[in-house]
Every structure is written in structure tokens, then in C-alpha cells.
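Spelled out from the first residue to the last, the chains are:
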Amino acid sequence: MSLDADLRARAAKVIPGGMYGHLNAALHGDTYPQFFVRGEGARQWDADGREYVDLMCSWGPMIVGHRNPRVEEAAARLQAQGDCLNGPGPIMVELAELLVDLIPAAEWAMFSKNGTDATTQALMVARAATGRTKVLVAHGAYHGADPWCTPGLSGVTPNQRADTVEFAYNDLADAERAAAEAGDDVAAILVTPFKHDSFEDQALAEAGFALGIRALADRLGAALVIDEVRAGFRLDLRGTWEPFGVRPDLSAWSKAMGNGHAVAAVTGADALKNAAQTLYSTGSFWFSSAAMGAAKATIEILRESGGPALIERAGARLRTGLYEQAKSHGFTINQTGPVQIPWLSFDGDATLERGVFWAAACLAEGVYLHPWHNWFLSTAHTDAEIDRALEGTDAAFATTARRFSGA
């Protein structure tokens, strides 16, 4: 028995379902490992010692390489001084100052531990500021795992979802319909900076939609909240909709912010600062210093190195290589989303049968990616790492072609 199989058997006895949430490997396919023991740069090793080029970046958090020396030194130094004390360390002020300096829409910041914390906190600020209850969200968008937004309904009451009104992403007319349905009770419009729903092709935000959503929020007197948890720091350090000239009232950040260290933030406009300070929103470990030190180091590395441009270059190299490989093996593929946060699907593969098979074949070739969730790239994905990944994906395309020949 493999070590991974033994750990799964043991976990089944002491952990509900053996694993839960999006990291449950049983959801990805029978060949996916559940347990991992090490990461280095753009690579990960599972519990049985198998090595992978990591095209998931731990589902987003890793952005400057696993165990980046500068990030780990910053975290270790603060950890050694005392991580969880009677109050936050000076690093909290330093990190808030950095975010305010970096992000044009940010005039203040508050911190927590993960993306769900941040999106929920942002919604609370919007409700405190407006005295309203409704939130408009795009159908199928993921904003976290709290009852108001979790995609699963087990343990969730109807009342906990009653104030959420959905609209179709990139459809301004449908957003107007949702606003009319909510009446004069809209506290916030909450959007992801591009459409990255699981199980379907991604879609970049259209400029007219972004500008129109900003105008709609202004007309309603509601807060525009951009959920940057997944996209933040990979596409534009200033904020993903900054190139559109659209600045949100509130933004939620996490994932890549601390390069794997648990930290999240809400940033906001000065007009919402008083409302934010009325919240009772806290956690025993939200103010620990080590993760904030990691976040400060990560953001400084990205700013100094032009990180988003480096990641974009890696993504373009990967996208070009995958296109050429698929064509040579007789496949038509769709590559959607920004190249820094890509996803590949096979044309006409409505059940994802080919995509699941190909992803498993990639895994066997030492390339860890995903059949129904978008992938992530990092500054650690050098030309050499992308080329190594492409060796594996090419072999996987060949295996898939043999499997589906004549299908």
C-alpha cells in the first residue's frame, strides 16, 4: 500500500469523509494524491515522493515560489520574536501602509486569515455603511465558504441566502434586472474581476460591463466590491480593474498575498472607513505577525521584479506550447482566462471526459494541473519549468489521442 493510501485510510477514521472542501482529492480523479510533503520553487512532492511541476500553485497562494527564501526569512524572523501576542506587531501598520501605497483604490486596510474572511468582512462594511441588506452577485461565482456564499447548501438555512440576488456575469442588462428586483435595499455589488467559475470556460470582464457595474453601484448608492482573492497580485498589482479606470469602494484580498502564509485583507475608500471601524470582526490569530511579514515581503518582491509581467510571460509560453501540442495531436482546445490564471478544455467535451483523462495523464508525467478548476502560474515558472511542464503535457496529449482515437 502506498503511503498516500495508508494516510487516506487512517484519515477516514478520524476526519469526516477523510477530507473535505476543495482539497478533497476524491473530487479530482482516482489518480490524484491527497497528501503532500514538500514544495520548492515551482515543484511539489507528494507523500510517496513523486515530484510534480506545480501548475496549481497550491490552488493560488504560491506566487513567488514555494519556500521563497526572502519570504520565509521575513516570516521566521517575526515568528521567532513571538507570533501571537496580546496585540499586533508593528508589521501590521507597515503592511497596511504598503497596501495603501500600492493600490490606488485603497485608503485603509484591515486584516484576517483567508478569502472567506475578507469577502464577508467587505460585505459587512458595505451593509454598515449603507444600512441596507441585499448583495448582487454573479451566478456561479465563488466568494467563499460562509453560509451566505458557499456553493454547498448543507447546513445552510434559506434565511442565510435570502439577501443574495444573482445576475449573469458580463451582462449589464441582467445586473440592472437584479438591482430592480432588490429594490432600494442594495448594500453592495460583489464581483470577481473576471469570470472564473469551475467546470466551465473562463471569461475576461468586458470593459463596458466593468464601467457599467461601477456606474450602477453609484446610481444605487451601493458599494462596489471586487473580490480579488483569486486574481489579486497576479494580473495587476494596483487592482485588476485599474486598467479599465474602475476603482472599487472595497476589495477583498488573500491567496497569493502571503505566498502560502495565511493572511487576507480588505482595502477600502476613505468614505467607508468610519463604517469599517464600527464592525466587531476579529479572530484569535488574525493579527499574528509572521504571515503579515510574509505578505509584506511577497508584495515587495512582486513590485521590485515586475512580478505580474514575469507571470504573464510564463503563461504566454505555456499557452502557445499547449496550442501547438493539441493541434499536432488532432485536438481542438479552448484556453480561457488570463494567461497567468489559465484553464484548458477540449472542444465539444461537455462531460469533461477528455479533460479528466488528459489531466490524469499529465499527473502521470509529473505535471500537476486540474481538469475543472483554473490553474495558477508564478514567478518561479521560468522558461525551463514551463518547458519541463510542456514535455509532460505533450506526452499526455499523445496518451489521450490513443485513448480517444476514433471516438
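Here is what the cut-offs are and how they apply
Residues numbered from 1 in each chain as written. Predicted model: local features only at pLDDT ≥ 70, side-chain atom pairs only at ≥ 80, totals over all residues. Heavy atoms only, no water. Helix = DSSP H or I, 4+ residues; strand = E, 2+ residues; numbered from the N terminus. Rg over C-alpha atoms; globule rule 2.2 N^0.38 Å. Buried < 20%, exposed > 50% of the residue type's maximum accessible area, 1.4 Å probe, protein only. Contact = heavy atoms within 4.5 Å. Areas by Shrake-Rupley, 256 points an atom, 1.4 Å probe, with all protein chains shown as cover. Lys, Arg positive; Asp, Glu negative; His and termini not counted. Charge placed at Lys NZ, Arg CZ, Asp CG, Glu CD. Axes fitted to C-alpha atoms, helices over the stretch in contact; angles between N-to-C directions. Parallel < 35°, antiparallel > 145°, perpendicular 65-115°, else oblique. Left-handed = near helix turned anticlockwise from the far one by under 90°. Nonpolar A, V, L, I, M, F, W, Y, C, P; charged D, E, K, R; others polar. Pairing = 2+ DSSP bridges. Phe/Tyr/Trp six-rings, centres within 6.5 Å; stacked < 30°, edge-to-face > 60°. 1 Å grid on protein atoms, 1.4 Å probe; cavity = no way out; pocket = protein on both sides within 12 Å on 5 of 7 lines; lining within 4 Å. Points joined across faces, edges and corners; volume = space filled by probe spheres on them.

S.K.: Kindly report on the overall build of the protein chain, identifying the contributing residues and their values.
M.R.: Per the secondary structure count, the protein chain includes 12 helices and 15 strands. Relative to the 2.2 N^0.38 estimate, which gives 22 Å for 407 residues, the radius of gyration of the protein chain is 21 Å and therefore close to what a compact globule would have. Along the first, second and third principal axes, the C-alpha set of the protein chain runs to 60 × 55 × 45 Å. Going through the 407 residues of the protein chain one by one, you find that 55% of them count as buried. Residue pairs in contact within the protein chain that sit at least 24 positions apart in sequence constitute 74% of those at least 6 positions apart. Roughly 17400 Å² of accessible area belongs to the protein chain as shown, and the carbon and sulfur atoms make up 53% of that amount. Charged side chains of the protein chain number 34 positive and 49 negative; the gap between the two group centres comes to 2 Å.

S.K.: Quick rundown of the packing of helix α11 (residues 353-364) against helix α12 (residues 383-404)? Include the residues and the values.
M.R.: Here α11 crosses α12 at 135 degrees, and the two axes come no closer than 8 Å. When the axis of α11 is compared with that of α12, the two are oblique. Seen from above, α11 lies across α12 with right-handed handedness. Contacts between α11 and α12 involve E353, R354, F357, W358, A361 and C362 from the former and T393, A396, F397, T399, T400, R403 and F404 from the latter. Here the contact of α11 with α12 is built from residues that sort into seven nonpolar, three polar and three charged.

S.K.: Quick rundown of the environment of F346? Include the residues and the values.
M.R.: Along the chain, F346 turns up in strand β14 (residues 343-346). Judged by its relative accessible area of 3%, F346 falls in the buried class. It is 6.1 Å that separates the C-alpha atoms of F346 and N334, two residues lying 12 residues apart in sequence. Discounting residues that sit within four places of it in the chain, F346 has contacts with F331, T332, I333, N334, R354, G355, W358 and F397.

S.K.: Describe the sheet that holds strand β2 (residues 43-46), and please don't skip the residues or the numbers.
M.R.: On the basis of which strands lie adjacent, the open sheet formed by four strands has the order β1-β2-β3-β15 and mixed pairing. The outermost strands of the open sheet, each flanked by one partner alone, are β1 (36-40) and β15 (367-368). Bridging between strand β3 (residues 51-54) and β15 involves two bridges; their strand directions are parallel. The residue bridging D54 from the neighbouring strand is Y368, located in β15.

S.K.: I'd like a rundown of the packing of aromatic side chains, residues and numbers included.
M.R.: The geometry of an aromatic ring pair is captured by the separation of the ring centres together with the interplanar angle, meaning the angle of the planes. In total, this model carries 17 aromatic pairs according to the counting rule given. Each ring, one from Y169 and one from F209, has its centre 4.9 Å from the other, and the planes form 45 degrees; the classification is tilted. Pair noted here: Y169 is in the loop between β6 (164-167) and α6 (172-182) and F209 is in helix α7 (residues 207-220), with a separation of 40 residues, a long-range link. With a relative accessible area of 9%, Y169 lands in the buried category.

S.K.: Explain empty space enclosed by the protein to me, using residue names and the numbers behind them.
M.R.: In the structure shown here, the tally under the stated rule is one cavity of 30 Å³ or more. Reported here for the largest cavity is a volume of approximately 60 Å³. The wall of the largest cavity is formed by 14 residues, among which A105, E228, R238, G239 and P248 lie closest to the centre.

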